[in-house]
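Architecture at a glance
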Amino acid sequence: MSEFLLFYERPNPTTWVYLSSFLTIGLYFVFHRFWSVRNLDIVLLLMLAPGLLMVQEGRRRHLREMESGEIAIQDHYDTRSSAFESASTLVSTTLTPQAADASPDAQANDSGARTNSDAATPPVVAPPPRIQEETKLPLRTEPEALDERLESTTLHPEQIETDAEQAAKRLQRAGFIWLFLVELLILVRLMVDPVMNRRPMLDPNLTVGGSYFISISMFIFMMVNVATSTPRVRVWQGPELGPGYVLMHQLPTITTRPVSSALGGERAPTADELSLSKRSSTILTKVLAITAHLAIVVGLILIGNRHFGNLRSGVGCALLYLIVPYTAQYTGRVDHALPAALLLWAILSYRRPMVSGMFLGLAAGLVYYPLFLLPLWYSFYWRKGVRPFSVGVIATLAILIAILSFSGTDSLIDHLRRMFGLFAPTKEPRGIWGLGWDARWRLPVIVAFGILSSLFAAWPSSKNLGTLIGCSAAVMVAVQFWHGYGGGLFIAWFLPLLLLTIFRPNLEDRVAVKVVRGRAWDQSASTRSSGRLEVN
């Protein structure tokens, strides 16, 4: 971006949290109704930022300490090898005729001068790089191996954690706890939403044209950051995705290469590394991330215009999605943005059950966790649209399974186990469950989540588009509490749905029987039964 904007530097996460918070309050806070629910929602969104900052800063400090320790070990061996080379050179020099002809006094004076000059020269300690410079440093280890060490609590007996590494882990743990507390408040807010019938129109404090201009500008800046992202930033953002489609795990981050012994140093890339950096799969990852965010922004605008009947609310949702600190920090994560885009477009196409089922089935097949939305969505379409919705979900999952049989070296059973999370809940957790919390406590959390997911099949009894959006967001928020691979950080899975819940009007008339195309289940059944009676 500095090629177009003179002396432009990407702001560090903390600076952007302050700027975006002030901008969010100025654009969306309802100053003439201070105690409104809208203001509470804005405060809850802003409260997510401190937890994200603590997790990312903790991982950044931990990674720096790990690399500093590896550099120190490498320097130790380099010093020993250089000392051996110096001794060999000294021996060879001593055996030369010129050294033999030199007087002992001259050799002693020369060695003494070198010793005094070395002692007088203080060691040069390089200052730590700024965060903008540190993001450009290549990694010394592959991201998958770093995840295991950054999150593990039981190290190899020969590995010793420094005080700085332990402090970094405590900072991560505090960040996850903060996120869990805020997300618990958001879950309570979403559970109360179905009974909130009075929903006054509270548009953003900006015209539609101004919202469009800021949204386009923010989107361009963020997508340029995706195109120029680095693997170090990817490691700071949290662990890899857990259960999910195998092709999601095969998407690369960015090609890495080793660094020199100085933390800010960098070796010249080799020809192989230059060729790897141009791999089409790397380009595909960035294209998917940019496309997913574009789909989220366009989906929010279309839902506001078509289903809410208010273009200003749709553009306001899109702008708020781009402003919140989470979007700027996790812009390049395909496993965050792509499922969110699919869930949002399932909402957008809810009047076509088969298309909606295809989007939901694709999201569930890629990251597994949206499968728990099926009780809610089946209940919504039960009186009309359940058959085409089932066809869309099942057909999409079948296509994904068929693709698995032609990809990879593992067996189809192993791919299916990973796709649908069919393994023990306590197997190598990451995030808060790998930073000190006993993973066995995930079991009661999973049971409680299963009860909540099943509850939405019966409650609310009369489901409309508003309850479908709010309850879907509640399920994806509840997923964070038992997600064993960075639960709490996958905010994009519920953020667009939460924004729609905040801005939506009263949608009690948007029920499946009235708006879904096709014949109703109960009407077709009653018609068949009445036809049989007439024949008799």
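Look up: the structure comes first, before these words.
What you see is a predicted model, and the numbers here were worked out from it, not measured in a lab. Sequence positions are assigned chain by chain, starting from 1 and proceeding in written order. Given that the model is predicted, a residue must reach a pLDDT of at least 70 before its local features are reported, and side-chain atom pairs must reach 80 or more before they are shown or counted; all residues, however, enter totals for whole chains, interfaces and linings. Each side-chain value is worked out from all heavy atoms of the structure, with water and hydrogens disregarded.

This part is about the environment of arginine 440. The helix count covers DSSP runs of H or I at least four residues long, the strand count covers runs of E at least two residues long, and both are numbered beginning at the N terminus. Position of arginine 440 among the secondary structure elements: in the loop between helix 19 (412-419) and helix 20 (442-455). For arginine 440, a relative accessible area of 59% gives the class exposed. Residue burial is assigned from relative accessible area. The probe radius is 1.4 Å, only protein chains are included, and a residue is buried under 20% of its type maximum, exposed over 50%, and partly exposed in between.

Moving on, we get to helix 16 (residues 353-367). Helix length check: helix 16 (15 residues) gives 21 Å between terminal C-alpha atoms against 21 Å at 1.5 Å per residue, within 8%. Every buried residue of helix 16 is accounted for by Pro353, Ser356, Gly357, Leu360, Gly361, Ala363, Ala364, Gly365, Leu366 and Val367. One or two positions beyond helix 16, positive phi appears at tyrosine 368, with a value near 75°. Given a helix with a known number of residues, its expected span is that number minus one, times 1.5 Å.

This paragraph deals with the packing of helix 8 (residues 208-227) against helix 13 (residues 311-323). Helix-helix packing: each pair is described by the crossing angle between the helix axes and the interaxial distance. All axes are obtained by fitting lines to C-alpha atoms, using only the stretch in contact for helices, and the reported angles, taken between N-to-C directions, cover 0 to 180 degrees. Between helix 8 and helix 13, the least distance of the axes is 9 Å, while the angle of their chain directions is 30°. On the basis of the axis angle, helix 8 is roughly parallel to helix 13. Classified by chirality, the crossing of helix 13 by helix 8 is left-handed. Only Leu311, Arg312, Val315, Leu319, Leu322 and Ile323 of helix 13 make contact with helix 8, whose side of the interface consists of Val208, Ser211, Tyr212, Ile214, Ser215, Met218, Phe219 and Met222. The classification used treats Ala, Val, Leu, Ile, Met, Phe, Trp, Tyr, Cys and Pro as nonpolar, Asp, Glu, Lys and Arg as charged, and all other residues, Gly among them, as polar. Broken down by class, the residue content of the contact of helix 8 with helix 13 amounts to 11 nonpolar, 2 polar and 1 charged. Each angle receives one of four descriptions, namely roughly parallel if under 35 degrees, roughly antiparallel if over 145, roughly perpendicular if within 65 to 115, and oblique otherwise. Note: crossing handedness is left-handed where the near helix turns anticlockwise from the far helix by less than a right angle, and right-handed where it turns clockwise. For this analysis, residues touch if any pair of their heavy atoms sits within 4.5 Å.

Time to look at the packing of helix 1 (residues 13-28) against helix 13. Relative orientation of the contacting elements helix 1 and helix 13 amounts to 160°, with a least axis distance of 10 Å. Put simply, helix 1 runs roughly antiparallel to helix 13. Where helix 1 crosses over helix 13, the handedness of that crossing is left-handed. Note on element contacts: helix 13 touches helix 1 through Gly316, Leu319, Leu320 and Ile323, opposite Trp16, Ser20, Leu23, Thr24, Leu27 and Tyr28.

Our focus in this paragraph is the environment of serine 461. Checked against the element boundaries, serine 461 lands in the loop between helix 20 and helix 21 (465-482). The class of serine 461 is exposed, set by a relative accessible area of 74%.

So, on to unusual backbone geometry. Cis rather than trans, the peptide bond between tryptophan 459 and proline 460 has omega equal to -5°. For proline 460, the position within the fold is in the loop between helix 20 and helix 21. With a phi close to 75°, tyrosine 368 is a non-glycine residue in the positive phi region. Tracing the backbone through its elements, the reader meets tyrosine 368 in the loop between helix 16 and helix 17 (374-380).

Every case where a carboxyl oxygen of Asp or Glu lies within 4 Å of a side-chain nitrogen of Lys or Arg is listed as a salt bridge. Summed over all chains, the structure comprises 8 salt bridges. Here arginine 504 and aspartate 193 are joined by a salt bridge, their closest N and O atoms 3.1 Å apart. One end of the pair, arginine 504, is in the loop between helix 22 (495-503) and helix 23 (512-515); the other, aspartate 193, is in the loop between helix 7 (163-192) and helix 8, and 311 residues separate them in sequence. Given a relative accessible area of 7%, arginine 504 falls into the buried group. Here aspartate 193 falls in the buried class, since its relative accessible area comes to 1%. Notably, a salt bridge pairs aspartate 335 with arginine 333, separated by 2.9 Å at the nearest N-O pair. The buried category is assigned to aspartate 335, whose relative accessible area is 9%.

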